[in-house]
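# Chains, contacts and geometry: an overview
Now for the letters of each chain:
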Amino acid sequence: MKTKTQLNGRHWETGSIHNAFALQDIKAPHTGKPYSEALLLGVSGGIAFGYFTFEYKGYLPHVALLTRNTFNPFSTILERLGIAQDVQQTNKAEIAEKNLQHALESGLYPILWADQFSLPYNGLPADEPMWGMMPLLTLETDGESVTVADRSSQPFHLSMADLTKARGRVKDDKYRLMTLDAPQPTKLASAVHKGICQAISLFTEEPPRGGRDNFGFAAYEKLAGLLVNTRNKQSWERFFAPGIRMYHALAGSSVQPGAYHWINTWGSSDGADRGLYADFLLEAAALLKKPSLKESSEKFRESHKLWLAFAEALLPDGVPLLGESKKLIQKKHRLFIEKGETALPEIQQINSRLNEILSKSENDFPLSNAQSADLRAYLRDILLKISAVERQAVELLQNAILQ
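Attention in this report is confined to the structure presented alongside it. Here the structure is a predicted model, which is why all the values come from computation and not from measurement.

Turning our attention to the overall build of the protein. When helices and strands are counted, the protein shows 15 helices and 8 strands. For the protein, the spread of C-alpha atoms along the principal axes amounts to about 65 × 50 × 35 Å. Looking at the protein as a whole, 56% of its 403 residues qualify as buried. Pairs at least 24 apart in sequence give 70% of the contacts found in the protein among residues at least 6 apart. Of the roughly 17200 Å² that the protein leaves accessible, carbon and sulfur atoms contribute 49%.

With 129 residues, the main nonpolar core has Y51, V192, I196, W236 and Y277 as its most contacted residues. It is helix α15 (residues 369-402) that contributes the most residues to this core, 11 residues altogether. Residues within four places of I196 in sequence aside, it is in contact with G42, Y277, F280, L281, A284, L288, L293, L397 and I401.

Turning to unusual backbone geometry, a few remarks are in order. Its identity as a non-glycine residue notwithstanding, A272 has a phi of 60°, on the positive side. Within the fold, A272 resides in the loop between α10 (259-264) and α11 (274-287). The buried category is assigned to A272, whose relative accessible area is 1%. A positive phi is found at D273, a non-glycine position, where the angle reads about 65°.

Side-chain pairs of opposite charge can arise where the charged atoms are in close proximity. Considering all chains together, one arrives at 20 salt bridges under this definition. Note that E55 and R245 form a salt bridge whose closest N and O atoms lie 3.1 Å from each other. Of this pair, E55 sits in the loop between β1 (47-54) and β2 (62-68) while R245 sits in helix α9 (residues 244-251), and the two are 190 residues apart along the sequence. On the basis of relative accessibility, which here comes to 24%, the residue R245 falls in the partly exposed class. Between R301 and D279 there is a salt bridge, with the nearest N and O atoms lying 2.6 Å from each other.

One open sheet accounts for 6 strands, arranged β3-β8-β4-β5-β6-β7; its pairing is antiparallel. Strand pairing shows two members of the sheet lacking a second neighbour, β3 (85-88) and β7 (156-159), which therefore form its edges. The mean inter-strand angle of the sheet, taken between neighbouring strand axes irrespective of direction, is 40°. Relative to strand β5 (residues 133-141), strand β4 (residues 111-115) runs antiparallel, the two sharing 5 bridges. Note on β5: the bridge partner recorded for I111 is L137. Here helix α1 (residues 12-23) sits on the sheet in contact with β4, β5, β6 (145-149) and β8 (177-180), set at roughly 25° to β5.

What follows deals with the packing of helix α4 (residues 93-105) against helix α5 (residues 160-167). Packing of α4 against α5 brings their axes to within 10 Å, and their N-to-C directions diverge by 115°. Accordingly, the angle class assigned to the pair α4 and α5 is roughly perpendicular. Taken as a pair, α4 and α5 cross one another with a handedness that is right-handed. Here α4 contributes A93, A96, E97, L100 and Q101 to the contact with α5, which in turn contributes M160, L163, T164 and R167. Among the residues forming the contact of α4 with α5, the class breakdown is 5 nonpolar, 2 polar and 2 charged.

Moving on: the packing of helix α12 (residues 293-314) against α15. When two helices pack together, their arrangement is given by the angle between the helix axes and the distance between those axes. Running from N to C, α12 and α15 point in directions that differ by 165°, and their axes come no closer than 9 Å. The angle between the axes of α12 and α15 places the two elements in the roughly antiparallel class. For the pair α12 and α15, the sense of crossing is left-handed. Classifying every residue of the contact of α12 with α15 by side-chain character gives 20 nonpolar, 3 polar and 5 charged.

Within this structure, the stated rule accounts for 19 aromatic pairs. Look at F156 and F336: their rings are 5.3 Å apart centre to centre, the planes differ by 35°, and that puts the pair in the tilted class. Placement of the pair is F156 in strand β7 and F336 in helix α13 (residues 320-339), with a sequence separation of 180 residues. For the pair shown, F156 and F336 are each scored as buried. Taking the centre distance of 5.3 Å and the plane angle of 40° together, the rings of Y277 and F280 count as tilted. Taken together, the positions of Y277 and F280, both in helix α11 and 3 residues apart, correspond to about one turn of that helix.

With that settled, the discussion passes to the environment of L354. Relative to the helices and strands, L354 is located in helix α14 (residues 344-363). The exposure class of L354 is buried, given its relative accessible area of 13%. Expressed as a C-alpha distance, the spacing of L354 and G252, which sit 102 residues apart in the sequence, is 9.2 Å. Beyond its immediate chain neighbours, meaning those up to four positions away, L354 contacts Y247, S325, L328 and I329.

So, about the environment of L306. Relative to the helices and strands, L306 resides in helix α12. Measuring from C-alpha to C-alpha, the distance between L306 and G271 comes to 7.8 Å, with 35 residues separating the pair along the chain. With sequence-adjacent residues up to four places away left out, L306 is seen in contact with I382, K385, I386 and V389.

Rules used throughout
- Residues numbered from 1 in each chain as written.
- Predicted model: local features only at pLDDT ≥ 70, side-chain atom pairs only at ≥ 80, totals over all residues.
- Heavy atoms only, no water.
- Helix = DSSP H or I, 4+ residues; strand = E, 2+ residues; numbered from the N terminus.
- Buried < 20%, exposed > 50% of the residue type's maximum accessible area, 1.4 Å probe, protein only.
- Contact = heavy atoms within 4.5 Å.
- Areas by Shrake-Rupley, 256 points an atom, 1.4 Å probe, with all protein chains shown as cover.
- Core = buried A, V, L, I, M, F, W, Y, C linked by side-chain atoms within 4.5 Å.
- Salt bridge = Lys/Arg side-chain N within 4 Å of Asp/Glu carboxyl O.
- Pairing = 2+ DSSP bridges.
- Axes fitted to C-alpha atoms, helices over the stretch in contact; angles between N-to-C directions.
- Parallel < 35°, antiparallel > 145°, perpendicular 65-115°, else oblique.
- Left-handed = near helix turned anticlockwise from the far one by under 90°.
- Nonpolar A, V, L, I, M, F, W, Y, C, P; charged D, E, K, R; others polar.
- Phe/Tyr/Trp six-rings, centres within 6.5 Å; stacked < 30°, edge-to-face > 60°.

That is the geometry; function is a separate question.
Here's what the structure looks like:
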């Protein structure tokens, strides 16, 4: 690598931008350090709560618990911080590779979009209907191989051919390359203010897209009801009936996150990113000269603890197969972050064991119908506590931002 800078970025959007700035030695004016991922999360629209379920032919039904703004967070950060971009895009693989080489030779760190299922270091099974174009940061190349940063503290190495294949998977992002200039310091306070206002609106108002009861406090009420409702066809008792369907909702699979993943491994940090957002609000309090934001920060720390409890309850240690699944998911996540590509053999072993447990759950689910109902009721109780605390946190946020 051109530099020994630590790769601290943990999420595709906010993590890639954080790493790009850190490697270019771009410092935030209020800290003298690289723009924190907490700050970038806040500017992007911050945290949220979204609840969706899906069932596609040939696949198990799955749940999506969205814990942060998913409405164009990457472009939102760039726009709000006034970050100039140089974007190159082509339909030809050979030109895409030349663009990448030229950018790296110029001392830049380009961001690319690549399909997660096509990147060898992710160890995901090839599946034609499955794709996910996500940003990652490129660090260096010798023309044959490329070094990239992607959610881990360790760099990944892959062939130029494999990277080009992954970059070309989806038309909209095909062979796109972007380099970033430094943010405009004069826009920072406004960017923070707009990010907070967007987070408030995602909890309290209609979302930019989708049904109102899929987002914010309305979504908490919806999910709380579906966890204990026995008549609604979308209730967990029916849609995620005890067995492989319920297991998949709780623990997911190697290709599809379950509820536990969404809370503890999908974001930049655990606990639905609430702790990281609390960190952002402390930065915001200093930046905006609004010390009352610290009160909301404290409430989100309380919420963070409840989210951790919710995740623990999803896969309780007292149920051996569920507890084992939780430990394996956490170990896999830790290995990816700490060891990167060298952990792939061990991660693949974990995936094999999780697949065994998933298959076993079809005919030998570890909870009876009554026990499953008790678990769902317990989850509902915690969820309602989360909703109540976050109502207080958002109200404090509204009061502070209007001062």
